[in-house]
Amino acid sequence: MTAATTTPPSGGKMSLTVKVLIGMGAGLVLGVIFNLIDSEFINTHIVGGLFAMIGKMFVNALKMLVVPLVFFSLITGVTGIGDIRVLGRVGGKSFGLYIATTAVAIGVAIILATIIGPGKGFNMEGVDTSGVTGKDAPSVWDVFAGIVPTNPVQAFASGEMLQIIFYTIVLGVAVLMLGGKSKPFVEGCEYMNEVMMKVVTIVMAFAPIGVFCLIAKTFTEQGIDLFIPVIAYVVTLVLALFLHLFGTLMLMLKVLSGLNPITFMKKMRPAQIFAFSTASSNATIPVTLRCVTQRVGVDNSVASFCVPFGATINMDGTAIMQGVATVFLANVYGIDLGLGGYITVIAMAVLASIGTAGVPGVGLVMLTMVLGQVGLPIEGIAIILGVDRLMDMIRTAVNITGDAVVSTIVAKGEGKIDMAVFDDPDAGILTDDDLGIDEAAEKDLAAYAKPH
Ligand code: ASP
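The text that follows walks through the structure, step by step, so that each part is easy to find.

What counts and how
Residues numbered from 1 in each chain as written. Predicted model: local features only at pLDDT ≥ 70, side-chain atom pairs only at ≥ 80, totals over all residues. Heavy atoms only, no water. Helix = DSSP H or I, 4+ residues; strand = E, 2+ residues; numbered from the N terminus. Rg over C-alpha atoms; globule rule 2.2 N^0.38 Å. Buried < 20%, exposed > 50% of the residue type's maximum accessible area, 1.4 Å probe, protein only. Salt bridge = Lys/Arg side-chain N within 4 Å of Asp/Glu carboxyl O. 1 Å grid on protein atoms, 1.4 Å probe; cavity = no way out; pocket = protein on both sides within 12 Å on 5 of 7 lines; lining within 4 Å. Points joined across faces, edges and corners; volume = space filled by probe spheres on them. Polar contact = N/O pair within 3.5 Å; in protein donor to acceptor, adjacent residues only side chain to side chain. Contact = heavy atoms within 4.5 Å. Near = heavy atom within 4 Å. Areas by Shrake-Rupley, 256 points an atom, 1.4 Å probe, with all protein chains shown as cover. Sits in = over half its atoms within 2 Å of the grid points. Nonpolar A, V, L, I, M, F, W, Y, C, P; charged D, E, K, R; others polar. Axes fitted to C-alpha atoms, helices over the stretch in contact; angles between N-to-C directions. Parallel < 35°, antiparallel > 145°, perpendicular 65-115°, else oblique. Left-handed = near helix turned anticlockwise from the far one by under 90°. Patch = residues over 30% accessible without salt bridge, like charges linked within 9 Å, V, L, I, M, F, W, Y side chains within 5 Å. Core = buried A, V, L, I, M, F, W, Y, C linked by side-chain atoms within 4.5 Å. Disulfide = S-S within 2.5 Å. Lys, Arg positive; Asp, Glu negative; His and termini not counted.

## Considerations on the overall build of the protein chain
Here's step 1: When you go through the protein chain residue by residue, the secondary structure sums to 20 helices and zero strands.
Here's step 2: Against the globule reference of 22 Å for 452 residues, the protein chain gives a C-alpha radius of gyration of 23 Å, in line with a compact fold.
Here's step 3: Considering only C-alpha atoms, the protein chain reaches an extent of 80 × 50 × 40 Å along its principal axes.
Here's step 4: Here the protein chain holds 452 residues, and 52% of them are scored as buried.

## Some thoughts on the pattern of salt bridges
Here's step 1: Taken as a whole and assessed by the stated rule, the structure comprises seven salt bridges.
Here's step 2: Here Asp83 ties to Arg85 by a salt bridge, and the two come within 3.4 Å at their closest N and O atoms.
Here's step 3: Here Asp392 makes a salt bridge to Arg395, at a shortest N to O gap of 3.5 Å. In this pair, Asp392 and Arg395 both sit in helix H18 (residues 388-413), three residues apart, roughly one turn of the helix.
Here's step 4: With relative accessibility at 4%, the residue Asp392 sits in the buried group.

## Focus on empty space enclosed by the protein
Here's step 1: Evaluated as defined, the whole model comprises one cavity of 30 Å³ or more.
Here's step 2: If you add up the space inside the largest cavity, you get close to 60 Å³.
Here's step 3: As for the largest cavity, its lining consists of 14 residues, and the residues nearest its centre are Thr318, Val359, Val362, Asp392 and Asn399.
Here's step 4: When contributions to the lining of the largest cavity are tallied by element, the ones reaching two or more residues are helix H16 (362-374) and H18.
Here's step 5: Top element by residues in the lining of the largest cavity is H18. It accounts for four residues.

## Regarding unusual backbone geometry
Here's step 1: With phi around 50°, Asp38 is a residue other than glycine that occupies positive phi space.
Here's step 2: Examined against the element boundaries, Asp38 turns out to sit in the loop between helix H2 (16-37) and helix H3 (40-81).
Here's step 3: According to the relative accessible area criterion, Asp38 is exposed, its value standing at 54%.

## A word on the side chain of Thr396
Here's step 1: Here Thr396 lies in helix H18.
Here's step 2: In this structure the side chain of Thr396 is engaged in a polar contact, spanning 2.6 Å, whose partner is the backbone oxygen of Asp392.
Here's step 3: In contact with Thr396, not counting residues within four places along its chain, are Ala275, Ala279, Ser280 and Ser281.

## Focus: the site of the ligand
Here's step 1: If you check the shell around the ligand, you find 14 residues, and the closest are Ser281, Thr318, Gly363, Asp392 and Arg395.
Here's step 2: Gly363 is positioned such that a nitrogen or oxygen atom in its backbone is 2.7 Å from an oxygen atom of the ligand.
Here's step 3: Here a nitrogen atom of the ligand and a side-chain polar atom of Asp392 are 2.7 Å apart.
Here's step 4: Coverage of the ligand by the protein amounts to 100% of the 270 Å² it exposes when considered alone.
Here's step 5: With respect to the detected pockets, the ligand is housed in the largest cavity.
Here's step 6: Mapped onto the shell around the ligand, the elements with two or more residues apiece are H16 and H18.
Here's step 7: No other element matches H18, which puts four residues into the shell around the ligand.
Here's step 8: A breakdown of the residues in the shell around the ligand according to their chemical character gives four nonpolar, eight polar and two charged.

## Some words on the packing of helix H14 (residues 316-333) against H16
Here's step 1: Orientation of H14 relative to H16, taken along the N-to-C sense of each, is 45°, at an axis distance of 10 Å. With respect to their mutual orientation, H14 and H16 come out oblique. When you trace H14 past H16, the crossing you get is right-handed. Here H14 contributes Thr318, Met321, Gln322, Ala325, Thr326 and Leu329 to the contact with H16, which in turn contributes Gly363, Leu364, Met366, Leu367, Val370, Leu371 and Val374.
Here's step 2: Counted by class, the contact of H14 with H16 contains nine nonpolar, four polar and no charged residues.

## What about a nonpolar patch on the surface?
Here's step 1: A surface patch of nonpolar side chains, amounting to about 530 Å² of accessible area, comprises Leu28, Val29, Val32, Ile33, Leu36 and Ile37.
Here's step 2: As for its placement among the helices and strands, Val29 is situated in helix H2.

## Comments concerning the packing of H3 against helix H8 (residues 183-205)
Here's step 1: Across the interface, H3 lies against H8 with an axial gap of 9 Å and an inter-helix angle of 150°. Comparing their axes, H8 and H3 come out roughly antiparallel. With respect to the hand of their crossing, H3 and H8 are arranged in left-handed fashion. Residues Phe58, Ala61, Leu62, Met64, Leu65, Pro68, Leu69, Phe72, Ser73, Ile75, Thr76 and Thr79 of H3 lie in contact with H8, whose contacting residues are Phe185, Val186, Cys189, Glu190, Met192, Asn193, Met196, Met197, Val199, Val200 and Val203.

## Topic: the nonpolar core
Here's step 1: Among the nonpolar cores identified, the biggest contains 135 residues, and Tyr233, Phe264, Met268, Phe328 and Met391 are the most heavily contacted of them.
Here's step 2: Excluding residues that lie within four positions of it along the chain, Tyr233 makes contacts with Pro118, Met321, Val324, Ala325, Phe328, Ile384 and Val387.
Here's step 3: Counting residues in hydrophobic clusters, the runner-up holds seven residues, among them Ile42, Val47, Phe51 and Ala216.

## Section: the state of the cysteines
Here's step 1: According to the stated counting rule, one finds zero disulfides in the structure shown.
Here's step 2: Left without a disulfide partner, Cys189 is nearest to the cysteine sulfur of Cys306, which lies 19 Å away.
Here's step 3: Taking the relative accessible area as the measure of exposure, Cys189 reaches 2% and is therefore buried.
Here's step 4: A disulfide-free cysteine, Cys291 has its sulfur positioned 16 Å from the sulfur of Cys306, the nearest such atom.
Here's step 5: Given the relative accessible area of 2%, Cys291 is considered buried.

## Observations concerning the side chain of Arg295
Here's step 1: Inspection of the secondary structure puts Arg295 in helix H12 (residues 281-296).
Here's step 2: For the buried Arg295, which has no salt bridge, the nearest side chain bearing the opposite charge is Asp426, at an N-O separation of 6.3 Å.
Here's step 3: Separated by 3.2 Å, the side chain of Arg295 and the backbone oxygen of Pro425 make a polar contact.
Here's step 4: Here the side chain of Arg295 touches Ala427 through a polar contact of 2.6 Å, landing on its backbone oxygen.
Here's step 5: Not counting residues within four places of it along the chain, the set of residues in contact with Arg295 comprises Lys266, Lys267, Arg290, Val421, Phe422, Pro425, Asp426, Ala427, Gly428 and Ile429.

This is the structure in structure tokens:
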């Protein structure tokens, strides 16, 4: 072993997370400066051109990992569990917890927003409401029927996460049923899972520059003037998001799993940064999966199912936004929704989060369904449109933390968590060493490649 590999990441070498944080800070500062300068050239060529291109390439690279990674890790997970009853239990528990956390999140958000009362006395004059269109709520039955794909190839090609999960689990169960015959296939999937995790490492190595470009672009485009008229909404929403993140979720983690919330939060930081920068739970799946398994210590058999499942159906942060936005708009329009109205909002938000994927801005689409259902004018969304990107970034970080908390609680209940990994502060930290090709591995491969 070389001296470099024995150096703990915290002792001298800069970890990837620190580099990403530096990229994020630099992007923020530069974005604010560019916003103030407001130069046509910078806006079009540097921010809209170069930064947009690099940022998009980075998000695309993350997305490119999602489908193969979920497939191979889930096959490995299902065959690793080896018992269909355990699989059912993991599925049932995580589904229940996902629904419960989302309902609590929006309930608390509505109560907090009712106490603070944002939007009272808001002046609608000057708000351009053209271009806001609504979307009808999907029926519960359609949402569930849509989980079964008619064509798995199409499901994989279009990244339909629930369909992919469903198909892969059925396939995994069939593989289990074939017993010993399946060994080569399972070993192949295990190998591919390892390969995909290495690809995640490669893509993550570009995160400092990718995150820098994404954040710089966002802050160049987001002027402070957008926030002033809706400051009460922003403050209430951020308060509710933080209350859920640091209060409800951490309390749940402590009570239901006994694990230390501070250690957990430190270990989830990379995934939270990725979620914040990309505003997409789906694109963050590879990083969340990596943090949950290699940093927190959750076994792949639980994480491979819970993480992609959560990224699709669990959106606590998004539900919180809908709660706060509904109260805000009800105040703006002077409409009293009453208890029944708010219960409808909770039910709708929970249902909408099951049926919609975690991609940027989808929360606003869901909000149109919720508003339509309780009879609030959909055009009201125009008021909060300007600040939604930043709010989306924060709520996505909350969304993926919720996924990780539930995955960890379920794993603890099943005895599928490696406490040595959880207790090791350096476990799974990425440094430059992780990207090097080991000399021994290189020789090994070269010898293998030679004609025998
Ligand atoms: N961007 C969020 C996510 O991917 C969804 C949303 O709230 O718009 O989780």
